[in-house]
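Architecture at a glance
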Amino acid sequence: MKTEIHLGAGTTRQSQEILQLKASDNYTYIYFTNGEELLSSTNLGKLEKRLSKEDFFRVNRSTIINRHYLHLFEFGNLNPKESNVREIHIPRRKKAEFLAHFPKFKALFTLVFLILAHSSFGQWTANTVGGSSGDYGVNGQIKVTSTAGSVGGDNNYQGLIVNNGNFYDAPTFINQAFDNIPTAKLFKAKAGVPFTITMDVIHKYFPDGFFGQNWSTTHQVFLDYFPGDCWGCQPSDWYNGTIRSLTGKNETPWLFDEDIPMTKNAQYVDTFEVPEYWKSRKSTFSQTYTFPVGRTRAWIVIGFREKSYTVYNQNTYTNLIILPIVVEGPTVAQVDSVGVTTQPQIPTMVIHNPPGDNSSTTITNTGTQCRSFEEKLSVSESKEFAGAYKLGYKGSVGFIVALELETYVEFSASGTEGSFETKYNSKEHCVTVSESLTALSNGKGAQNNDLFVGYGIDLAYGFSRRVNIENGQVSVDTGIVYRPLIETYKDFFLTKQGILDDIASKQIIVDDSLNYTVPQRANAQYQINVWQQVLDKNDANIAAAALQTGTPINFSGGSSQSYNTSVAYNSSQSIEVEHYVDTQFGIETGVYFGGSGFKLGAKFTTNKSFGQTQTKTGGQVSDVSVTRYDDDSGDFFDVRIVEDPVYGTPIFIVDSANSRTSCPYEGGIQRDKPKLEINGSASPNITVSNVSLGNAGNFKVKVCNNSAETRDYGFGFVNESIGSDVFISSTAGTGSSPVGESITKLGTITSIPAGGCKTTIYDVNVARRFANSPMSYPNMEFVTFAECEPDIKSSIFATVNFATPPPPTNVSASTKEICAGNSIQLSGNCPVGVPTWYNDPTGGLELGTGSSLTVSPTSNTSYYLGCVANLYNRDRVGVGEIFVTTPFPTLNLTSDLSFNALQIANTTLTATNKINDPARVKYKAGNSLTFNPGFEAKGGSIFEAEIGGCPN
């Protein structure tokens, strides 16, 4: 096979380069092995004469193929494997001749044509059976599109078209479609989500006399509509009727669940959209379908007939179209609830406070605004399944999977800041401000004063098998289904500071495993995690908004201005939310759970994504009202008003170069800049030592001002740096008063000059309050501060040490062993204070005073000497334990001793007992002491023995 062939217009090619020749009126399309195409002005009949019959075969009136390239065609049909080879129809009159040359294609006439060559992105294109007859150039094709896309995610889907089949034979063809079409090219749907199939039927169309010839040249194909299951049982109707479609989802005993006629949108409309047809007529049909549950195999079967009306062909052809579908989602419509988990609180709106200590932002009655909403179950750090758990609503048993239903779950909330209503389903999240919501400065300005509004709720949950589609693959596993428990709805109105406070309180719960249960601690931790995301994302939103040009606004202290705008959600934001699941409910294999971090618990994590505004109803032009007011004369605000990209509310960016603010400081030039110094020292630290008892430690300070204007500042100390048993005074003021929670003010220093210090030097005195007060007070923090904003301060640190008097000396007892009824003499000296005797090292009753004291103990007793003064109580010094006993004529000791003891016998003492640690024991006898086997003084004990009796 190597012959040079003249193709017209001076073009020649080798015969082995040619795949196929196809007639198009008086022209011929020639397809080559390298993918090229050539439109020749020579008609097919003339070219056929130039071809070798050993190499080429004319299979019908319009097509010649190169018999050496039949390996490119799939066995059982003539649909080519390469995109530059066009499909070929073999007419009945050519069947015998074709099979004689190509016996391996005997299965060609088994009626089934799997269309692979004409798939295109976003549309499946296939030739109809009757329209591909080729008789005198009459052609037809269908184009099928789906709004739900393909399993592979690229909208490249395929189906199956069957010649002369009927709906009752569909199982065979359905199986062939699933068996032969790659998984990634199957049609896709989501359980509960409507999607639309549109089908265009296009036929080549030449009316009578189209070419200006005298003979009849009508080439038309009509749609032959039919009712119900009947194929042609009634007279043909080419203009009225329906195209039948049926749906199924692989459930016995029925092959089809619904019989849904397709809607006729247009009929026999002239078009030129198929280039090789030139002029065509198109009819368009569509229908919206919904599969209620997930299935790995579901289908839509469509049937219609074609009536060919040409001078050469007046036959009727039946088309059965199989659309194989994978439905993603839960495989059942009802699930039992097995447990309850808490969903952390999440904001639905953030209202940013404007600068100015008495400013406010108010969201007025806006009607209802809805934004897109999507929830994903996080399977791992790198993998997410959209909709892997679904919103549900309560049913008669357990609860029913809502599966993207339009039914909303609705809540309402109110607080001192205002009230709002929220509702959501699996696609939308809507907020209605029923009364105005207001963020107030309350004298604090915009710092940490944004208002976060939202809700949390408990969820009942269960498990359901579900079909998943990911990366072009289909899998079945077990997923979470849940429904909100409306009665547990918890709304919140929190400022940024309020969220920070809640984080602190929740952390106490997390850390306390004795008083809180595992679910309580887990839910507290998950709320902390959400709050941290909320604050981080709010900071990021403000930073992103700061790049906007915005609306410039200026106002000064003592003035008030208003500004109105509207709310719109222009960007999306996702928040990761963790839910605690108690493992006692028996989590099934395949559910994507991770460790909760708490014993006996697991968790599932979801990402809630809030998107752009979808609808807005009932709102006014001005949905947001902003009032800016600052009562501090001299403050000036140069502000840009920009839009929060996620929540749509205004954000206020203060120009730091052109603004000056105070009370509170909100950016720009800081008007309050206090400075506290130790007089005569550049160091912020001072130590005062050896302060005599009865006197106060003293040091001196200067109060300065680094601001560019004269200011007044407070002077005082930080409470937590100073104990309660110390007295502090200063010449800066008389008395003391608390400022906020952390500072005690000693006085106000007025008219401190700009860039200088007050000429007055102020004394600070530190005195002990009580005789038992500490002798040293380290690192006491003294501050000068802006009284309206104590966090703006300057500090120095003072340590005051008082001189400590010496302890008691020469403390002793005349003896440490006595018999009951006798006395001993205690003695000792005090360098400072009155010698005072006690029988306790720190408390107890006073026994007497003086350098000596006679006592008569009746049991073992320890005595202590303390030196008592008006301003100081020195630590007591002990004389040791005094042993007291009653003598016996004889003693036979058999009981073990674990305590201090003195045992005396007037004559003999015999011992077989044990002395245990830490006992201190002494045995005495007038005549003899005998220690029999069994006696033992164990390690750690102190034991003495001697001949003798009671001390005098």
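Just so we're clear, the structure is a prediction, and the values are computed from it rather than from any experiment. (Residues numbered from 1 in each chain as written. Predicted model: local features only at pLDDT ≥ 70, side-chain atom pairs only at ≥ 80, totals over all residues. Heavy atoms only, no water.)

Our next topic: the overall build of the protein. Assigned secondary structure in the protein consists of 5 helices and 70 strands. Across the 952 residues of the protein, 49% fall into the buried class. Across the protein, every contact between residues at least 6 apart in sequence was considered, and the portion connecting residues at least 24 apart equals 66%. By element, 47% of the accessible surface of the protein is carried by carbon and sulfur atoms, the whole surface being about 41700 Å². (Helix = DSSP H or I, 4+ residues; strand = E, 2+ residues; numbered from the N terminus. Buried < 20%, exposed > 50% of the residue type's maximum accessible area, 1.4 Å probe, protein only. Contact = heavy atoms within 4.5 Å. Areas by Shrake-Rupley, 256 points an atom, 1.4 Å probe, with all protein chains shown as cover.)

Turning our attention to the packing of aromatic side chains. Taken as a whole, this structure holds 14 aromatic pairs when the rule is applied. Measuring from ring centre to ring centre gives 5.0 Å for Tyr-923 and Phe-943, while their planes differ by 85°; the resulting arrangement is edge-to-face. With Tyr-923 in strand β67 (residues 920-925) and Phe-943 in strand β70 (residues 942-947), the pair connects residues that are 20 residues apart, well separated along the chain. The buried category is assigned to Tyr-923, whose relative accessible area is 0%. (Phe/Tyr/Trp six-rings, centres within 6.5 Å; stacked < 30°, edge-to-face > 60°.)

Oppositely charged side chains may form a pair once their charged atoms are brought near each other. Summed over the entire model, instances satisfying the criterion amount to 18 salt bridges. The salt bridge partner of Asp-672 is Arg-711, with a shortest N-O separation of 2.9 Å. Residue Asp-672 is found in the loop between β44 (669-670) and β45 (674-678), and its partner Arg-711 is found in strand β48 (residues 711-718); the two are separated by 39 residues along the sequence. Across the pair Lys-938 and Glu-936 runs a salt bridge, and its minimum N-O distance is 3.5 Å. Take Glu-936: its relative accessible area is 34%, and that puts it in the partly exposed class. What you see here is one network of salt bridges that share partners, running through Asp-635, Arg-671, Asp-672, Glu-709 and Arg-711. (Salt bridge = Lys/Arg side-chain N within 4 Å of Asp/Glu carboxyl O.)

Taken in spatial order, the 5 strands line up as β5-β4-β3-β7-β6 in an open sheet, and their pairing is antiparallel. Each end of this open sheet is capped by a strand with a single partner; those strands are β5 (37-40) and β6 (56-60). Between one strand axis and the next, the sheet turns by 20° as a mean value, whatever way the strands run. Across 4 bridges, the pairing between β6 and strand β7 (residues 63-66) is antiparallel. Bridge assignment links Arg-58 to a residue of β7, and that residue is Ile-64. (Pairing = 2+ DSSP bridges. Axes fitted to C-alpha atoms, helices over the stretch in contact; angles between N-to-C directions.)

Let us look at the side chain of Asp-450. Structurally, the position occupied by Asp-450 is in the loop between β32 (437-440) and β33 (451-470). No salt bridge forms around the buried Asp-450; measuring N to O, its nearest opposite-charge neighbour Lys-496 is 6.8 Å away. Within the local environment of Asp-450, its side chain forms a polar contact with the backbone nitrogen of Asn-353, the two atoms lying 3.2 Å apart. (Lys, Arg positive; Asp, Glu negative; His and termini not counted. Polar contact = N/O pair within 3.5 Å; in protein donor to acceptor, adjacent residues only side chain to side chain.)

It is worth spelling out the pairing of strand β49 (residues 726-730) at this point. Alternating positions in β49 separate cleanly, Val-726, Ile-728 and Ser-730 being buried on one face and Phe-727 and Ser-729 remaining unburied on the opposite face. Sheet analysis places β49 next to strand β53 (residues 762-768), joined by 5 bridges and oriented antiparallel. Bridge pairing in β53 links Ile-728 to Val-766.

Moving on: the nonpolar core. Generally speaking, soluble globular proteins have nonpolar side chains that are buried together. Ile-142, Ile-197, Met-199, Ile-300, Ile-321, Leu-323 and Ile-325 are the most contacted members of the largest nonpolar core, which totals 30 residues. Mapped onto this core, the elements with two or more residues apiece are β10 (123-127), β11 (140-146), β13 (187-190), β14 (195-204), β15 (219-224), β19 (280-289), β20 (295-310) and β21 (316-330). With near-sequence residues (within four places) excluded, Ile-321 lies in contact with Trp-124, Ile-142, Leu-160, Ile-161, Met-199, Ile-300, Val-301, Ile-302 and Phe-304. Membership of the second largest hydrophobic core comes to 29 residues, among which are Val-766, Ile-796, Phe-802 and Tyr-872. (Core = buried A, V, L, I, M, F, W, Y, C linked by side-chain atoms within 4.5 Å.)

One pass over the full model with this rule turns up 4 disulfides. Disulfide partner of Cys-704: Cys-757, at an S-S distance of 1.9 Å. Taking the torsion about the S-S bond as the criterion, the Cys-704 to Cys-757 disulfide, at about 95°, is right-handed. Highlighted residues: Cys-704 in strand β47 (residues 697-705) and Cys-757 in strand β52 (residues 756-757), separated in sequence by 53 residues. (Disulfide = S-S within 2.5 Å.)

Here the focus is the sheet that holds strand β56 (residues 809-813). One key point about sheets: their strands pair by backbone hydrogen bonds, in either a parallel or an antiparallel sense. The strand order β56-β58-β61 describes an open sheet built from 3 strands, whose pairing is antiparallel. Both outer strands of the open sheet, β56 and β61 (852-855), are each paired with one neighbouring strand and no more. Neighbouring strand axes in the sheet, compared pairwise and without regard to direction, differ in orientation by 15° on average. Two elements, β56 and strand β58 (residues 824-829), share 3 bridges in a ladder whose sense is antiparallel. Residue pairing for β58: Thr-809 is matched across the bridge by Asn-829.

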